Amino acid sequence: MATSQLISNSDIAFSLKALRTNNPLVHCITNEVVQEITANVLLAAGASPAMVVGEGETEQFVEIASALSINVGTPFTTRIHIMKIAASKARHTGTPWVLDPVAAGGMVWRDQVIFSLMHLCPAAIRGNASEIRFLAGEGQGGKGVDSTDKSDEAVHAAMKLAKLYNTIVVVTGEKDYITDGTTTLHTTGGDPLITKVVGTGCSLSSLLAAFICLPGDKLRLAASCCAYVKKATEIAKKQCNGPGTFKPFYLDALYNLNPEDFHD
Amino acid sequence: MATSQLISNSDIAFSLKALRTNNPLVHCITNEVVQEITANVLLAAGASPAMVVGEGETEQFVEIASALSINVGTPFTTRIHIMKIAASKARHTGTPWVLDPVAAGGMVWRDQVIFSLMHLCPAAIRGNASEIRFLAGEGQGGKGVDSTDKSDEAVHAAMKLAKLYNTIVVVTGEKDYITDGTTTLHTTGGDPLITKVVGTGCSLSSLLAAFICLPGDKLRLAASCCAYVKKATEIAKKQCNGPGTFKPFYLDALYNLNPEDFHD
Amino acid sequence: MATSQLISNSDIAFSLKALRTNNPLVHCITNEVVQEITANVLLAAGASPAMVVGEGETEQFVEIASALSINVGTPFTTRIHIMKIAASKARHTGTPWVLDPVAAGGMVWRDQVIFSLMHLCPAAIRGNASEIRFLAGEGQGGKGVDSTDKSDEAVHAAMKLAKLYNTIVVVTGEKDYITDGTTTLHTTGGDPLITKVVGTGCSLSSLLAAFICLPGDKLRLAASCCAYVKKATEIAKKQCNGPGTFKPFYLDALYNLNPEDFHD
């Protein structure tokens with residue numbers, strides 16, 4: 001396995017402070033299932049979400065927004081068209097955008113959508129190990145939307161993919177790996193209970209868009225986002241009694257965590 | 001600033017009692033993000049929500065419903081078509097309907113949709129200060145879906161808009177103002193934490209539809225709805241530890257508040 | 001009223017154990033309002049949800065999935081087309097699928113959709129008393145999405161419908177009745193507060209799909225699903241203070257209940 005470095009607390013504190021100061025406006029084009037949790041995660045963290053998908057306003061909103069998040073969780077023809085328009089516009093305006101390639105490797109039609117979006121220069125791609133391995137030409141994808149691989153097993157694939165598309169690749173799992181193909185950072189902590197709450201991975205991708213548009217080193221900003229989520233996960237895990245109570249405590253933790261909570 | 005009067009507890013008690021007695025059926029055509037919280041707010045308060053958007057049934061359902069709520073938060077062509085059909089039908093059948101002009105002033109295409117709906121005689125329009133100011137021909141709209149103005153600064157615009165469209169205009173914010181252009185009522189209380197939970201404003205608009213279809217004075221019914229929500233917000237704020245736990249406590253408070261809780 | 005038998009604890013324990021062992025992948029084509037709670041209910045219970053609605057991938061996913069769930073809560077033309085494609089494919093591949101005929105009897109257009117889906121051989125139909133009575137040719141449907149009849153009054157209709165379509169019919173309410181037209185099982189318990197949380201009925205239908213695809217007697221698997229939900233409802237009711245806090249506790253209860261909790 002390639003060498004990776006743990007993101008530092010000072011980086012996380014710096015990034016979270018930048019988020020709270022800048023309150024970025026994040027344009028989200030996401031799947032039908034996770035729209036509410038995505039908006040609530042962004043609000044709790046300190047960003048402003050806006051779900052804009054209209055034929056006559058998507059392009060204009062890409063110009064207004066600080067960042068764009070595209071998630072292919074429940075693609076259908078008219079929405080895919082909007083995703084491509086938005087990503088093309090973002091490429092043109094230089095608006096950083098994040099791709100979440102949900103269930104890549106599972107279905108031929110969806111994979112075509114994902115690859116056509118990948119060619120529109122996302123600033124970051126965030127997936128689970130099975131998705132990232134598939135996109136890098138390894139493995140067969142997961143089970144539905146769930147990974148059948150561990151994140152450790154996808155680090156090489158993530159680096160390869162990052163180099164190929166000149167982007168940041170984030171593989172989330174027991175550990176999260178964040179790489180630009182040369183340097184790889186990681187985060188530890190969290191709790192697997194988070195996988196029993198729908199939209200926690202998808203909303204992380206949208207939160208990643210909020211972080212990578214901030215001033216600073218993109219790789220550290222992205223890794224800080226992951227570390228902040230891991231920390232909120234741990235706090236919620238201690239308070240909850242299952243996936244139902246996990247969610248409100250998780251949002252509270254995102255809201256209550258401050259830069260000064262990250263120190264050595 | 002124009003003079004306004006605080007809604008009385010006896011009016012709130014009267015209105016909430018009417019809601020619980022009549023259990024109105026509210027037809028909601030709302031945005032993709034807030035459908036669940038909208039339904040849950042209406043259920044907790046004592047109304048019956050029904051989200052009906054089908055090409056072949058929307059007109060029929062307007063006839064069945066007690067009230068209609070239209071929210072343009074995530075407009076797209078086919079859904080806008082349904083909104084116009086529903087509002088036209090409601091105008092024809094005399095079904096009271098409420099318009100939530102989400103992000104008015106932000107994008108040209110959306111503004112056209114909003115103005116064309118406003119001409120279909122809504123019984124009430126509910127927005128934040130930036131939205132209402134824009135619709136009245138003042139200001140430039142907010143930041144994405146968020147207001148950049150205070151509700152105090154939109155009272156004059158609300159009155160102007162109410163007169164122009166012969167409707168009730170509700171501006172929500174730190175104080176809520178409810179006006180028919182001549183008489184203006186207001187509510188106090190609440191807590192800004194509610195703005196960190198997506199759909200609390202949108203669901204208020206749908207709840208407003210539930211209240212204004214009840215027998216009684218429309219302006220006082222509308223103001224009572226706002227006051228009831230402010231009260232539930234205060235209760236939830238005291239119990240919660242952030243926006244995550246706010247939401248379940250807020251729904252509980254809407255459910256547990258009774259007419260007799262509003263007395264002098 | 002026809003004779004029915006209470007589902008036994010040993011059957012429930014057997015069924016829940018099978019669910020946890022098999023972790024079925026459930027393809028959900030459901031309404032706009034309940035997608036998140038549906039996914040969270042399936043995850044909490046121990047199944048894997050996947051919402052797949054794309055024109056180019058729905059048929060392929062029916063082949064991959066263990067079961068299919070179709071809910072007509074917010075039908076519109078393009079989605080109805082996908083529902084029919086999915087149900088036809090499921091019939092062809094022998095994938096068990098469940099139909100939730102939301103608001104049957106309320107609108108002509110929707111009823112046509114429901115009847116055309118019923119001819120595609122669902123393994124089970126789950127509705128409230130008003131919906132099931134209407135589909136069996138009795139009664140006039142409910143009020144919006146709410147039942148105006150009691151489940152006791154729909155047992156005969158459920159049996160008739162089950163025989164006519166050679167399927168399992170589940171009527172939920174104060175008691176749930178589960179019948180194949182010859183044998184009828186029932187469950188007791190639960191709490192009416194669950195009707196104040198949107199999507200609890202709809203998500204039960206998707207959970208039913210997860211249970212009926214398991215190895216074992218389909219009627220007992222379906223009744224076990226209902227009994228497990230009734231038990232989780234009781235636990236959540238004791239912990240909550242209204243419909244807002246009910247939901248997280250309900251999901252926790254689904255997650256924490258184990259086969260060994262069902263014993264005589």
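In what follows, the accompanying structure is described. Quick caveat, the model's predicted, so the values are computed rather than measured. (Residues numbered from 1 in each chain as written. Chains lettered and ligands numbered in written order. Predicted model: local features only at pLDDT ≥ 70, side-chain atom pairs only at ≥ 80, totals over all residues. Heavy atoms only, no water.)

1. Some thoughts on the interface of chain A and chain B
Think of interface size as the accessible area that goes away when the parts come together; that is how it is often given. Across the contact, 28 residues belong to chain A and 29 residues belong to chain B. For the chain A and chain B pair, buried surface summed over both sides reaches about 2400 Å², with 53% attributable to carbon and sulfur atoms. When the area that chain A buries against chain B is broken down by residue, the three leading residues are Glu36, Leu43 and Glu57 of chain A, summing to 25%. At the surface where chain A touches chain B, the tally comes to 3 salt bridges. (Contact = heavy atoms within 4.5 Å. Buried area = accessible area lost by both parts, 1.4 Å probe. Salt bridge = Lys/Arg side-chain N within 4 Å of Asp/Glu carboxyl O.)

2. Focus: the pattern of salt bridges
Counting across every chain of the model gives 30 salt bridges over all chains. The partner of Arg79 of chain C in a salt bridge is Glu32 of chain A, and the shortest N-O contact between them spans 2.6 Å. Taken as a pair, Arg79 of chain C in helix α4 (residues 77-93) and Glu32 of chain A in the loop between β2 (25-29) and α2 (35-45) lie in two separate chains rather than in one. With a relative accessible area of 6%, Arg79 of chain C lands in the buried category. In this structure, Arg220 of chain C and Asp217 of chain C form a salt bridge, with 3.8 Å as the shortest nitrogen-oxygen distance. (Helix = DSSP H or I, 4+ residues; strand = E, 2+ residues; numbered from the N terminus. Buried < 20%, exposed > 50% of the residue type's maximum accessible area, 1.4 Å probe, protein only.)

3. Digging into the interface of chain C and chain B
Contact residues are listed per partner, giving 29 residues for chain C and 28 residues for chain B. When the two sides are added together, the surface that chain C and chain B hide from each other amounts to roughly 2400 Å², 54% of it contributed by carbon and sulfur. With a closest N to O distance of 2.7 Å, Glu57 of chain B and Arg110 of chain C form a salt bridge. Our enumeration of links across chain C and chain B arrives at 12 residue pairs in polar contact (both at pLDDT 80 or more). Those elements giving two or more residues to the side of chain C that touches chain B turn out to be α2 (35-45), α5 (108-118) and α10 (243-256) of chain C. Here the side of chain C that touches chain B gets 4 residues from one element, more than from any other, and that element is α10 of chain C. Residues belonging to the side of chain C that touches chain B are distributed by class as follows: 12 nonpolar, 10 polar and 7 charged. (Polar contact = N/O pair within 3.5 Å; in protein donor to acceptor, adjacent residues only side chain to side chain. Nonpolar A, V, L, I, M, F, W, Y, C, P; charged D, E, K, R; others polar.)

4. Some words on the sheet that holds strand β4 (residues 67-71) of chain C
Residue and element names in this part refer to chain C. Within the open sheet, the 9 strands sit side by side as β1-β9-β8-β7-β6-β5-β4-β2-β3. Their pairing is mixed. Lying at the two open borders of the sheet, with one neighbouring strand each, are β1 (5-6) and β3 (48-51). In terms of strand pairing, strand β5 (residues 97-100) meets strand β6 (residues 124-128) through 2 bridges, oriented parallel. Counted as the bridge partner of Leu99 is Ile125 from β6. Lying over the sheet, α2 contacts β2 (25-29) and β3, oriented at roughly 155° with respect to β3. Lying on the sheet, α5 is in contact with β4, β5 and β6; it crosses β5 at an angle near 160°. (Pairing = 2+ DSSP bridges. Axes fitted to C-alpha atoms, helices over the stretch in contact; angles between N-to-C directions.)

5. A word on the relation of the copies chain C and chain B
Once chain C is rotated about the relating axis by 120° and shifted along it by 0.0 Å, it coincides with chain B to within an RMSD of 0.0 Å. When the rotation and shift are considered jointly, the pair of chain copies conforms to a three-fold rotation axis. Identified as the residue of chain C closest to the rotation axis by C-alpha distance is Glu32 of chain C, at 4.3 Å. When you check the interface residues of chain C against chain B, a mere 3% turn up at the interface there too, and the two sides of the contact use different surfaces. (Least-squares fit on C-alpha atoms with pLDDT ≥ 70 in both.)

6. Quick notes on the environment of Val171 of chain B
Residue and element names in this part refer to chain B. By the secondary structure assignment, Val171 is in strand β7 (residues 168-172). According to the relative accessible area criterion, Val171 is buried, its value standing at 0%. Distance from Val171 to Cys213, taken between C-alpha atoms, is 19 Å for residues 42 residues apart in sequence. Residue contacts for Val171: discarding those within four places in its chain leaves Gly127, Asn128, Ala129, Ile132, Ser151, Ala154, Ala158, Asp176 and Tyr177.

7. So, the state of the cysteines
A full pass over the atoms with the stated rule returns 0 disulfides over all chains. Sulfur of Cys202 of chain B: no disulfide; nearest cysteine sulfur belongs to Cys28 of chain B and is 11 Å away. (Disulfide = S-S within 2.5 Å.)

8. Some details on the packing of aromatic side chains
Per the stated rule, a full pass over the model turns up 9 aromatic pairs over all chains. Geometrically, the ring pair formed by Phe211 of chain B and Tyr228 of chain B is tilted, given 6.0 Å between the ring centres and 55° between the ring planes. Taken together, the residues span a long stretch of sequence, with Phe211 of chain B in helix α8 (residues 200-212) and Tyr228 of chain B in helix α9 (residues 218-239) at a distance of 17 residues. Seen in terms of ring centroids, Phe115 of chain C and Phe134 of chain C are 6.3 Å apart; in terms of plane orientation they differ by 50°. Their pairing is tilted. Of this pair, Phe115 of chain C sits in helix α5 while Phe134 of chain C sits in helix α6 (residues 129-135), and the two are 19 residues apart along the sequence. Residue classification places Phe115 of chain C among the partly exposed residues on the basis of a relative accessible area of 26%. In this structure, Arg79 of chain A packs its charged tip against the face of Phe76 of chain B, placed 5.7 Å from the ring centre. (Phe/Tyr/Trp six-rings, centres within 6.5 Å; stacked < 30°, edge-to-face > 60°. Lys NZ or Arg CZ within 6 Å of the ring centre and 35° of its normal.)

9. A short note on helix α7 (residues 155-165) of chain C
Residue and element names in this part refer to chain C. Among the residues of α7, Val155, Ala157, Ala158, Met159, Leu161, Ala162 and Tyr165 are the ones counted as buried. As for α7, its buried residues are in contact with α5, β6, α6, β7 (168-172), β8 (176-179) and β9 (184-187). Trailing α7 by a residue or two, Asn166 shows a phi angle of about 50°, which is positive.

10. Comments concerning the packing of helix α4 (residues 77-93) of chain B against helix α5 (residues 108-118) of chain B
Residue and element names in this part refer to chain B. Interhelical geometry of α4 versus α5 gives an angle of 15° and a closest axis separation of 10 Å. Put simply, α4 runs roughly parallel to α5. The crossing of α4 and α5 is right-handed. Residues Thr77, Ile80, Met83, Lys84 and Ala87 of α4 lie in contact with α5, whose contacting residues are Trp109, Val113, Ser116 and Leu117. (Parallel < 35°, antiparallel > 145°, perpendicular 65-115°, else oblique. Left-handed = near helix turned anticlockwise from the far one by under 90°.)

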